[in-house]
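Chain and residue survey
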Amino acid sequence: MNLPYAEPYRIKMTEEIRQSTREEREQWLKEAGYNLFNLKSSQVFIDLLTDSGTGAMSDKQWAALMTGDESYAGSKSFEQLHETVKKISGYQYLLPTHQGRAAENVLFSVLVKEGDVIPGNSHFDTTKGHIEFRKAHAIDCTVDEAFDVENLFPFKGNIDLEKLEKVYQTYPKQKIPFCLVTITCNSSGGQPVSLENMKAVKELSDRYGIPIFFDSARFAENAYFIKTREKGQEHRTIKEIAREVFSYGVGMTMSSKKDGLVNIGGFIALNDENLFRAASNFTIIYEGFITYGGMAGRDMAALAVGLDEATEFKYLQSRISQVEYLGNKLIEYGIPVQKPIGGHAVFIDSLKFLPNIKREEYPAQTLANEIYKEAGIRTVEIGTLLADRDPETRENRYPKLELVRLAIPRKTYTNNHMDYIAAAVKNVYDRREEIAKGYQIVWESEILRHFTVKLEEA
Ligand code: F0G
């Protein structure tokens, strides 16, 4: 008999979580303006809002916290982090930031100007926000397979080379500061990009003189998929694969809250000295001195250990198998999910789940709210609310998919929790015909509205 993938760790500390009643949850949801971001964590039983900064650290990371060097400049913890980032990415220069979007802010302050275009594979919302805030445009060149949830294509995060070349042909080189490859591709369902695709993107971009940057929040999970799905990669280590990936770009932005296995932090890593100097100025203005950039020394020390542990195969195998376990349970129950199951989350196709809800009434948000009411599970809408309005026309942008994301925090919940989640979603699925009305917006912000939007029942 094949042994299952048991976690390569055991649990040393636990944290109490509390169940609530349906009546309590209905009241809390109403008070929260039907926006799950507005709930208190004490009102949530299982929190799948995000896998960002919500994971558990190892004993070695906790030990590293105690060794943190809090010197303003040139701390030992920065040196440790710098050495680890060099080893894993091959990039020589490091600028810490307080989280991923801060890395975007610093880098884009140097590189992105009004009227520019940045092609890539389904840019994450803060990334797009930082581009559009500068009156530039993000152009999505993701492969079409990504938008068909039943298609089992193994690398649905890939960039479509024809779409990318069209961008290179349409706009002058000066208007395209870089191409951004997000690994894994969060917005298309935690889907990986293949090594072959990155190589091809690099070759094409070289011909047009466009550099490549990586949005690397989940680069280790991406490397796991390369190792397990791409021919010829199965004998390589995660670290070897990650090094090759990064060799196709000139730099990376990182949200350390994902594959850094820490609760806060981010960084930029790159090779170009001039770019490093220009970005250093913005780091100092926005984040802090260049050897801490908004991070405590102890957090950099824990991150150095986390990056090392996140790029170990055994850890990734248990992590991604747990996400797959939940996904397979939902498939078994007949629930429409993005296939194959992604690295950090299971994505439910709400248009198929709730065909009675009109697009204007936000079917994915409606489903997320139903799952909360059912069992106290907090998920997140990856649909029209997240897609924001078109900055020029101010019309709703309807994305190809309306998804509910069940993001699994790292090393935090057990497979009993996964069984509970699957049962709760099935209960909602069984009464889907009764769910006939969605929501309408009462108040929204100009940009990144989904975090703070207030809704009422339609
Ligand atoms: N890039 C990607 C691909 C992300 O998923 C995120 C954050 C960021 C950049 C920004 O990083 O949060 O550290 O500022 N994603 C979280 C999520 C918020 O829930 O998917 P950050």
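Residues numbered from 1 in each chain as written. Predicted model: local features only at pLDDT ≥ 70, side-chain atom pairs only at ≥ 80, totals over all residues.

1. A look at the domain arrangement of the protein
Put simply, the rule is: Where each domain begins and ends follows an automated or database-derived domain assignment. We call two residues in contact when the distance between their C-beta atoms, placed using the backbone, is within 7 Å. The helix count covers DSSP runs of H or I at least four residues long, the strand count covers runs of E at least two residues long, and both are numbered beginning at the N terminus. Here the term charged refers only to Asp, Glu, Lys and Arg, the term nonpolar to Ala, Val, Leu, Ile, Met, Phe, Trp, Tyr, Cys and Pro, and the term polar to all other amino acids, Gly among them.
Looking at the protein, the domain boundaries give domain 1 (22-51 + 313-457) and domain 2 (59-310). Domain 1 and domain 2 are separated by 26 Å when their C-alpha centres are compared. Every contact between the two is made by 24 residues of domain 1 and, on the other side, 26 residues of domain 2. Only helix 12 (313-332) and strand 9 (345-349) provide two or more residues apiece to the side of domain 1 that touches domain 2. Tallying contributions element by element places helix 12 first for the side of domain 1 that touches domain 2, with four residues. Residues that form the side of domain 1 that touches domain 2 fall into these classes: 15 nonpolar, four polar and five charged.

2. Some words on the UniProt feature "domain: Aromatic amino acid beta-eliminating lyase/threonine aldolase" (unreviewed entry) in the protein
Note the cut-off: UniProt positions are given in the numbering used here, feature names are shortened, and annotations may be inferred rather than shown by experiment.
UniProt records the feature "domain: Aromatic amino acid beta-eliminating lyase/threonine aldolase" (unreviewed entry) at residues 47-423, using the numbering of this structure. In this annotation, residues 47-423 is assigned 44% helix and 12% strand; the end-to-end C-alpha distance for the span is 16 Å.

3. Details of the pairing of strand 5 (residues 179-182)
Worth spelling out the cut-off: Here the C-beta atoms are placed from the backbone, and a residue counts as buried if at least 20 other C-beta atoms lie within 10 Å of its own, exposed if 12 or fewer do, and partly exposed otherwise. Two strands qualify as a pair provided DSSP detects at least 2 bridges between them. By convention, a crossover is right-handed whenever its connection, traced from the first strand over the helix to the second and viewed with the strands pointing away, goes clockwise.
Alternating residues of strand 5 divide into Cys 179 and Val 181 and Leu 180 and Thr 182, and every residue in both groups is buried. With four bridges connecting them, strand 5 and strand 6 (residues 212-215) associate as parallel partners. Following the sheet pairing, Cys 179 is matched in strand 6 by Ile 212. In this view, the connection linking strand 5 to its parallel neighbour strand 6 by way of helix 7 (residues 195-208) has right-handed handedness.

4. Let's talk about the nonpolar core
Let me state the cut-off plainly: Buried Ala, Val, Leu, Ile, Met, Phe, Trp, Tyr and Cys residues form a nonpolar core when they are connected through C-beta atoms within 7 Å.
Membership of the largest hydrophobic core comes to 120 residues, with the highest contact counts inside it found for Val 181 and Val 346. Here this core takes eight residues from helix 11 (residues 297-310), the largest share from any one element. Taken domain by domain, the makeup of this core includes at least three residues from each of domain 1 (22-51 + 313-457) and domain 2 (59-310).

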